[in-house]
Structures are given as structure tokens and as C-alpha cells.
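# Structural overview for review
This is what each chain is made of:
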Amino acid sequence: MAGLLPLIVLPSCARAQDGREAARRGMVGNIRQLLAAGAAGEVRSLDARVLDALQAVPRHEFVPTELQDVAYGDHALPIGHEATISQPLVVAVMTQLARPRPDDVVLEVGTGSGYQAAVLAKLVRQVYSIELVEALARSAAERLARLGYANVEVRAGDGYQGWAERAPFDAIVVTAGAPKIPPALVAQLKPGGRMVIPVGPRREQQLTVVEKDAAGAVRQRRIMPVLFVPLRPGS
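Predicted model only: the values in this text are computed from it and were never measured. (Residues numbered from 1 in each chain as written. Predicted model: local features only at pLDDT ≥ 70, side-chain atom pairs only at ≥ 80, totals over all residues. Heavy atoms only, no water.)

## Regarding the pattern of salt bridges
- Under the definition given, this model contains 14 salt bridges.
- Between glutamate 42 and arginine 221 there is a salt bridge; the shortest N-O distance is 2.6 Å. Of this pair, glutamate 42 sits in the loop between helix H1 (21–36) and helix H2 (48–56) while arginine 221 sits in strand E10 (residues 218–225), placing them 179 residues apart in sequence.
- Relative accessible area serves as the criterion here: at 46%, glutamate 42 is assigned to the partly exposed category.
- Here arginine 138 makes a salt bridge to glutamate 134, at a shortest N to O gap of 3.6 Å. (Salt bridge = Lys/Arg side-chain N within 4 Å of Asp/Glu carboxyl O. Helix = DSSP H or I, 4+ residues; strand = E, 2+ residues; numbered from the N terminus. Buried < 20%, exposed > 50% of the residue type's maximum accessible area, 1.4 Å probe, protein only.)

## Examining the packing of aromatic side chains
- Applying the stated criterion to the full structure yields three aromatic pairs.
- With a centroid separation of 5.2 Å and 65° between ring planes, the pair formed by tyrosine 128 and tryptophan 163 is classed as edge-to-face. Taken as a pair, tyrosine 128 in strand E5 (residues 126–131) and tryptophan 163 in the loop between strand E6 (152–156) and strand E7 (169–174) lie far apart in primary sequence, 35 residues in all. The burial state of tyrosine 128 is the same as that of tryptophan 163; both residues are buried.
- The rings of Tyr128, Trp163 and Phe169 are connected pair by pair, giving a single aromatic cluster.
- In this structure, arginine 59 packs its charged tip against the face of tyrosine 115, placed 5.4 Å from the ring centre. (Phe/Tyr/Trp six-rings, centres within 6.5 Å; stacked < 30°, edge-to-face > 60°. Lys NZ or Arg CZ within 6 Å of the ring centre and 35° of its normal.)

## Comments concerning helix H3 (residues 88–98)
- Burial runs high along H3: 11 of the 11 residues are buried.
- Every buried residue of H3 is accounted for by Pro88, Leu89, Val90, Val91, Ala92, Val93, Met94, Thr95, Gln96, Leu97 and Ala98.
- In the segment just after H3, arginine 99 is the residue with positive phi, at about 50°.

## Brief notes about the environment of glycine 73
- Mapped onto the elements, glycine 73 comes out in the loop between H2 and strand E2 (77–80).
- For glycine 73 and asparagine 30, which are 43 residues apart along the polypeptide, the C-alpha to C-alpha distance reads 9.0 Å.
- Beyond its immediate sequence surroundings of up to four residues, glycine 73 is in contact with Arg59 and Pro88. (Contact = heavy atoms within 4.5 Å.)

## With respect to the pairing of strand E4 (residues 105–109)
- Within E4, five of the five residues are buried, which leaves the element mostly enclosed by the surrounding structure.
- Every second residue of E4 is oriented toward a common face, with Val105, Leu107 and Val109 on one face and Val106 and Glu108 on the other, all of them buried.
- Across five bridges, the pairing between E4 and E5 is parallel. Counted as the bridge partner of valine 105 is glutamine 126 from E5.
- A crossover connection joins E4 to the parallel E5 through helix H4 (residues 115–121); in handedness this β-α-β unit is right-handed.
- Sheet analysis places E4 next to E7, joined by four bridges and oriented parallel. Pairing of valine 109 across the sheet is with valine 174, part of E7. (Pairing = 2+ DSSP bridges. Right-handed = clockwise from strand over helix to strand, strands pointing away.)

## Concerning the nonpolar core
- Counting residues in hydrophobic clusters, the biggest one holds 58 residues, and the most contacted among them are Leu54, Phe62, Val93, Tyr115, Tyr149 and Leu207.
- Considering every element that reaches this core, the biggest residue donor is H3, with eight residues.
- Ignoring any residue separated from it by four or fewer positions in sequence, one finds leucine 207 in contact with Val93, Met94, Leu97, Val196, Ile197, Pro198, Arg221, Arg222, Ile223, Met224 and Val226.
- Tyr128, Trp163, Ala178 and Ile181 belong to the second largest nonpolar core, which has 21 residues in total. (Core = buried A, V, L, I, M, F, W, Y, C linked by side-chain atoms within 4.5 Å.)

## Comments concerning the side chain of arginine 59
- Here arginine 59 shows up in the loop between H2 and E2.
- A distance of 2.2 Å separates a polar side-chain atom of arginine 59 from the backbone oxygen of alanine 71.
- If we skip the residues at most four places from it in the chain, arginine 59 touches Met27, Ala71, Tyr72, Gly73, His75, Leu77, Ile85, Ser86, Gln87, Pro88 and Tyr115. (Polar contact = N/O pair within 3.5 Å; in protein donor to acceptor, adjacent residues only side chain to side chain.)

Given below as C-alpha cells:
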């Protein structure tokens, strides 16, 4: 049955030296070059906090063992169950567009292996993450616990419906492509909050920012073409 997957609380998500620091620096440097060259439209640079989070999170821990040596290349990688871990550039852009603040409570839809949740966890107070595939949700919860990300809570469930019990959210990050913006997610966004979501048919998705103003009015704008696995509703 779908539901909450408890995390083992570890004292810190600080990581010992793991021999991959140079690879992470290279990944971050490549992202900065791509952004400066216009690869992500209006997003031409990253905040220092976002750069630090990308440098700190061990991406190789979030991919299958046989793919760890290529974990820091700028490409998506398969993680099983027809799911992928997004390319680092896209993770960076989505994180930047969410404008994470230290006291924010953020919803992620599409946990996958947990990498995006881990990056967000470095930047906000609390991350709630939903994954439709229970096996992925469980393995991500275990992985995040093992790595010490105690401010992430993972739930197996229908991302289209959001997480009403934990709403409202300062930001929502959706890591799967939806044909249209789910109304439940808009409703769970705080006034003044923003959602980052791929929208459109599989080969025509546009990374979209949805902003809700203080009066509750919603506006959206497209940022760049992307290609995500589909956001599937639960049964």
C-alpha cells in the first residue's frame, strides 16, 4: 500500500571525502559554462548557494553502481523502472528557478533516486517528495537516510494529487512531464510561491515556471525545451 516511508535520522548529511570532488567540480564548471552560453534561456548563472549544493551532493550515490563512473557527465541516466536521473544542467536550472530559501518547505513530485531532493535539502528547511513507483520511493528513502538527509520525507503516491496534508508549499518542483499543470499542485502552492514543472507532450515539453501572487492569481512562463519521463497519475 502506498504511504509514508520513514527515514532513519542520521546526525548530519555532511559527507567525508569520497574521491569524487574533482568530478563534481568539473560538473559544476561545465554547468556554469553551458548557462553562460545560453543553454537554458534566461537562466545564465546560479546563486552561490545552488552552486555549493551541487558541489556537495554526491551524485554518484544516486545512480546504479555500474554507472557511477559516468555520474558527473551532463546527461540523464537510467535508474530502473523506466525512470531516469535528470542531467545535472536541468537539475541546476530547476533548482535555481525554484528560488529556494533556508526556511522554505518544498514539495518535489517524482523522487526517482532522490538526487533532486538531496540538492533541495541542502537549501531549504524541509523537503517532501512523492514517487508513484513504490520500489523507487523505498530505495530513495533508504538512500537519503543512509546519506544523512534527515530533512527529506518520502511518500509513495500519486504526484498529481500533491501532498495536501503538508501543504501549503513555498515551492514545488516536478521532475516528470505533465500534459497540463495539475490543479491540485497549484492549489497547494502558497501565495507568493512558485512551481517548476515540465509541461506538454513528450517531445514538446517546455520547462515552465508557475507563480502565484499574493492575491492567489497565477501566471506562467516557459523557460526551455526539456525531455522528461511522463508524470503518470496513480490508479
